[in-house]
Amino acid sequence: MNQMDQTKFCCSVCLDLLKDPVTIPCGHSYCMNCIKSFWDEEEKKKIYSCPQCRQTFTARPVLVKNTMLADLVEELKKTGLQAAPADHCYAGPEDVACDFCTGRKMKAFKSCLVCFVSYCAKHLQTHFISSAFETHKLVEPSKKLRENICSRHDEVMKMFCRTDQQSICYLCSVDEHKGHDTVSAAAERTERQRELEVSRQNIQQRIQDREKDVKLLQQEVEAINQSADQTVEHSEKIFTELIHLIQKRSSDVKQQIRSQQETEVSRVKELEEKLEQEITELKRKDAELKQLSHTEDHIQFLHNYPSLSALSESTDSSSINIRPLSYFEDVTAAVSEVRDKLQDILREEWTNISLTVTEVDVLLSDPPEPKTRAGFLKYSCEITLDLNTVHKQLLLSEGNRKATLMNQQQSYSDHPDRFNEWQQVLSRESLTGRCYWEVEWRGTGVFVAVAYKNISRKGQGNDCGFGRNDKSWALDCYNNSYTFRYNDIKTRVSGPRSSRVGVYLDHRAGILSFYSVSETMTLLHRVQTTFTQPLYAGLRVYNYGATAELIKVK
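Residues numbered from 1 in each chain as written. Predicted model: local features only at pLDDT ≥ 70, side-chain atom pairs only at ≥ 80, totals over all residues. Heavy atoms only, no water.

1. Overview of the overall build of the protein
When you go through the protein residue by residue, the secondary structure sums to nine helices and 23 strands. In terms of principal-axis extent, the alpha carbons of the protein reach across some 180 × 75 × 40 Å. At a minimum sequence separation of 6, the contacts of the protein that also span at least 24 residues come to 56%. For the protein, the computed accessible surface area is about 35300 Å², with 51% contributed by carbon and sulfur atoms. (Helix = DSSP H or I, 4+ residues; strand = E, 2+ residues; numbered from the N terminus. Contact = heavy atoms within 4.5 Å. Areas by Shrake-Rupley, 256 points an atom, 1.4 Å probe, with all protein chains shown as cover.)

Set out below in structure tokens:
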């Protein structure tokens, strides 16, 4: 049994294991002889008290042996516990020691705020026996009793200075604290106790509120998990059906090819057999004619020639048209076209699927926009430029992150996504959630932009140019000035010129911010709107030799 258990079975008067244990009305237990002796001393006052809690009884309680407690003590003795004070009754380094014990000190049972002394249970008895100690205030053992003594006057600090918010003695109140707002420590404690109770009520109310919030969040987690599990199950079922459909179509195509193969091979074999028969017949006819040619009898020759020289009708072979390895190539092309269309659909729709996933929100508070570059870099994302969208006069380099406007056109293949008039390019990656990237630019001017994927690509109209329609937002960096453009509306922007622009996007919150980046970050322009589609980073370079590069930020 551990030490904490053992202390429960020791008498606080003699500090030994309980002998003939009795439990008095307040609930504390003692040796029967110990409590009898204690009450015998109090007999003359006709008031009987508990040595521990000091609860008083006007009539001397009848002592009855606590048999259950006695049995437990006996069990303890059988386990080898000695009757003498156990080690746990002695004061250790962390304990408050009795100031009256000599030699090895016992643990203090109480501290007296009047005597400024700590007592073990044995030495505390005088406080209970003598009426001189009735007014003394006993508290739990404390090592900080001297903190209640004024270091200046060596008096007990029983007052409190509200002006200086510190405990003082009565001499302090007429000395350096003269004229201050002073009250008794008890009065200040009463006031602070009321405040404490109010604070506790507030805390308890907040605890209840937070517990309700935690319960709501737990329910939210359960709902999120349940919804996610159901969606995963349904998604897997749908994709499985798609896979089965593709497999079915693959099997159908295979079956059709094999069936057609069998039909065509059968037709060829049939024609082949006819030709083989004709060859055999012709060889036989040739042999007969050869034999006839050697006939010396002229009459016999002329007689047999008419019947031998007549040839059977030749097999029509004009339909034979050999096309090595190309019989089913159109099928391959058709299947490839289906594959390409499926890839396009999946690529286009995948962005929408990803966006709907990222839009799942339990309406918790969004973190505020960062204030430092280090804060922005937590949301940094690597972006590359899309070869299928780049204007033919823009040369891409640095792993398709840098665009340079050239005099001559580049050898890009034609593509429906390519800008054919505006010298622009979009990123390959779609942008949702919170993102941050930086653009380093050189030359006279560039546009740093974001746009929806369905922005127009062909022609010189405003529906194609960044910032000239409602599908794109752009910061025009021209020499030493900035202009923000949206839906063909220009807004002059002030801020320090820098060759680097930072872009922060919080897609769900509808925030788009442009920053001038140098040793510090300066906000140039912020947009608050609602984005209805995924966004793509955009660059426009409009002077030959000028460059714009998506920087790999660290």
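This is not the end of the story, as more comes after the structure.
2. A word on helix α2 (residues 32-41)
Owing to its 3.6 residues per turn, the α-helix brings residues three or four apart onto one side. For α2, every residue scored as buried is listed here: Met32, Cys34, Ile35, Phe38 and Trp39. Buried positions in α2, seen along its axis, are confined to an arc of 165° and lie on one side of it. (Buried < 20%, exposed > 50% of the residue type's maximum accessible area, 1.4 Å probe, protein only. Arc of directions from axis to C-beta.)

3. Digging into the nonpolar core
Counting 39 residues, the largest nonpolar core has Trp437, Val448, Trp473, Cys477, Val501, Leu512 and Phe514 as its most contacted members. Residue contacts for Trp473: discarding those within four places in its chain leaves Val448, Ala449, Val450, Tyr452, Phe484, Arg485, Tyr486, Leu512, Val527, Phe531 and Leu535. Grouped together as the second largest cluster of nonpolar side chains are 28 residues, Cys11, Val22, Ile24 and Tyr30 included. (Core = buried A, V, L, I, M, F, W, Y, C linked by side-chain atoms within 4.5 Å.)

4. Topic: the UniProt feature "domain: RING-type" (unreviewed entry) in the protein
Those residues carrying the UniProt feature "domain: RING-type" (unreviewed entry) are residues 11-54 in this numbering. The distance separating the terminal C-alpha atoms of residues 11-54 is 15 Å; by composition the span is 23% helix and 18% strand. (UniProt positions renumbered as here; feature names shortened; annotations may be inferred.)

5. So, the side chain of Glu188
Mapping Glu188 onto the fold places it in helix α6 (residues 185-293). Excluding anything up to four places from it in sequence, Glu188 contacts Phe160, Arg162 and Val183.

6. Points about the packing of aromatic side chains
Any two aromatic rings considered together are summarised by their centre-to-centre distance and by the angle between their planes. What the rule picks out here adds up to 15 aromatic pairs. Ring geometry for Trp473 and Phe531: centres 5.2 Å apart, planes at 85°, overall edge-to-face. One end of the pair, Trp473, is in strand β16 (residues 472-478); the other, Phe531, is in the loop between β21 (521-528) and β22 (535-541), with 58 residues separating them in the sequence. Above the ring of Phe109, the side-chain terminus of Lys110 is found at 5.8 Å from the ring centroid. Across the ring face of Phe419, the terminal group of Arg457 is positioned such that the distance to the ring centre comes to 5.3 Å. (Phe/Tyr/Trp six-rings, centres within 6.5 Å; stacked < 30°, edge-to-face > 60°. Lys NZ or Arg CZ within 6 Å of the ring centre and 35° of its normal.)

7. Considering the pairing of strand β20 (residues 511-517)
Of all seven residues in β20, seven are buried, a share of seventy percent or more. Neither face of β20 is left uncovered, since the one carrying Ile511, Ser513, Tyr515 and Val517 and the one carrying Leu512, Phe514 and Ser516 both have all their residues buried. With six bridges joining them, strand β19 (residues 500-506) and β20 adopt antiparallel strand pairing. Considered in β20, the bridge of Leu505 is made with Leu512. Between β19 and β20, which pair antiparallel and follow one another directly, the connecting turn spans four residues, one of which, Gly510, has a positive phi of 75°. Between the antiparallel neighbours β20 and β21 lie three residues. (Pairing = 2+ DSSP bridges.)

8. Description of the sheet that holds β19
Read from one edge of the open sheet, seven strands run β11-β12-β23-β14-β19-β20-β21, paired in antiparallel fashion. Here the strands that pair on one side only, and so sit at the sheet edges, are β11 (394-397) and β21. Shown here is a sheet whose adjacent strand axes are inclined to one another by a mean of 20°, direction ignored. Taken together, the five bridges between strand β14 (residues 434-442) and strand β23 (residues 547-551) define a ladder with antiparallel strand orientation. Within β23, the residue paired with Arg442 across the bridge is Thr547. (Axes fitted to C-alpha atoms, helices over the stretch in contact; angles between N-to-C directions.)

9. Overview of the pattern of salt bridges
Going through the model one piece at a time under the given rule, you end up with 29 salt bridges. Among the ionic pairs, Arg339 bridges to Asp340, the shortest N-O distance being 3.2 Å. Salt bridges linked by common partners bring Arg373, Glu438, Glu440, Arg442 and Arg500 together as one network. (Salt bridge = Lys/Arg side-chain N within 4 Å of Asp/Glu carboxyl O.)

10. Notes on the pairing of strand β15 (residues 445-452)
Extensive coverage of β15 is indicated by the burial of eight of its eight residues. Pairing analysis gives seven bridges linking β15 to β16, with the strands arranged antiparallel. Each bridged residue has a counterpart across the sheet, and for Val446 the counterpart in β16 is Cys477.

11. Thoughts on the sheet that holds strand β18 (residues 489-493)
Here we have six strands laid out as an open sheet, ordered β13-β22-β15-β16-β17-β18, and antiparallel in their pairing. Only two strands of the sheet have a single neighbouring strand rather than two, namely β13 (424-431) and β18. Between one strand axis and the next, the sheet turns by 20° as a mean value, whatever way the strands run.

12. A short note on the environment of Lys392
Note on placement: Lys392 falls in the loop between α9 (373-377) and β11. Sequence separation between Lys392 and Arg152 is 240 residues; the distance between their C-alpha atoms is 89 Å. Not counting residues up to four positions away in its chain, the partners in contact with Lys392 are Gln408, Gln409, Gln410, Tyr412, Asp414 and Arg418. Within polar-contact distance, the side chain of Lys392 engages the side chain of Asp414 at 2.9 Å. (Polar contact = N/O pair within 3.5 Å; in protein donor to acceptor, adjacent residues only side chain to side chain.)

13. Considerations on a nonpolar patch on the surface
Taken together, the side chains of Ile238, Phe239, Leu242, Leu245, Trp350, Ile353 and Val357 make up a nonpolar region of the molecular surface, amounting to roughly 680 Å² of accessible area. At the level of secondary structure, the elements contributing two or more residues to the nonpolar patch comprise α6 and α8 (329-358). Note that Trp350 resides in helix α8. (Patch = residues over 30% accessible without salt bridge, like charges linked within 9 Å, V, L, I, M, F, W, Y side chains within 5 Å.)

14. Remarks on the packing of α6 against helix α7 (residues 298-309)
In the contact formed by α6 and α7, the axes pass within 11 Å of each other and the chain directions differ by 165°. Classified by the angle their axes make, α6 and α7 are roughly antiparallel. Helix-helix and strand crossings are classified by hand; for α6 and α7 the assignment is left-handed. Contacts between α6 and α7 pair Lys285, Glu288, Leu289, Leu292 and Ser293 from the former with Phe301, Asn304, Tyr305, Ser307, Leu308 and Ser309 from the latter. Among the residues forming the contact of α6 with α7, the class breakdown is five nonpolar, four polar and two charged. (Parallel < 35°, antiparallel > 145°, perpendicular 65-115°, else oblique. Left-handed = near helix turned anticlockwise from the far one by under 90°. Nonpolar A, V, L, I, M, F, W, Y, C, P; charged D, E, K, R; others polar.)

15. Some words on the side chain of His153
In this fold, His153 is placed in the loop between β7 (138-139) and β8 (159-161). Within polar-contact distance, the side chain of His153 engages the side chain of Asp175 at 3.4 Å.

16. Regarding the environment of Ser111
Looking at the element boundaries, Ser111 is found in strand β5 (residues 110-112). A relative accessible area of 0% means that Ser111 is categorised as buried. Once the C-alpha coordinates of Ser111 and Glu140 are considered, the two residues, 29 residues apart in sequence, prove to be 6.0 Å apart. Setting aside its immediate chain neighbours within four residues, Ser111 contacts Val117, Ser118, Lys137, Leu138, Val139, Glu140, Pro141, Ser142 and Leu145. One polar contact links Ser111 to Ser118, side chain to side chain, over a distance of 2.7 Å. Here Ser142 takes part through its backbone nitrogen, which lies 3.0 Å from a polar atom of the side chain of Ser111.

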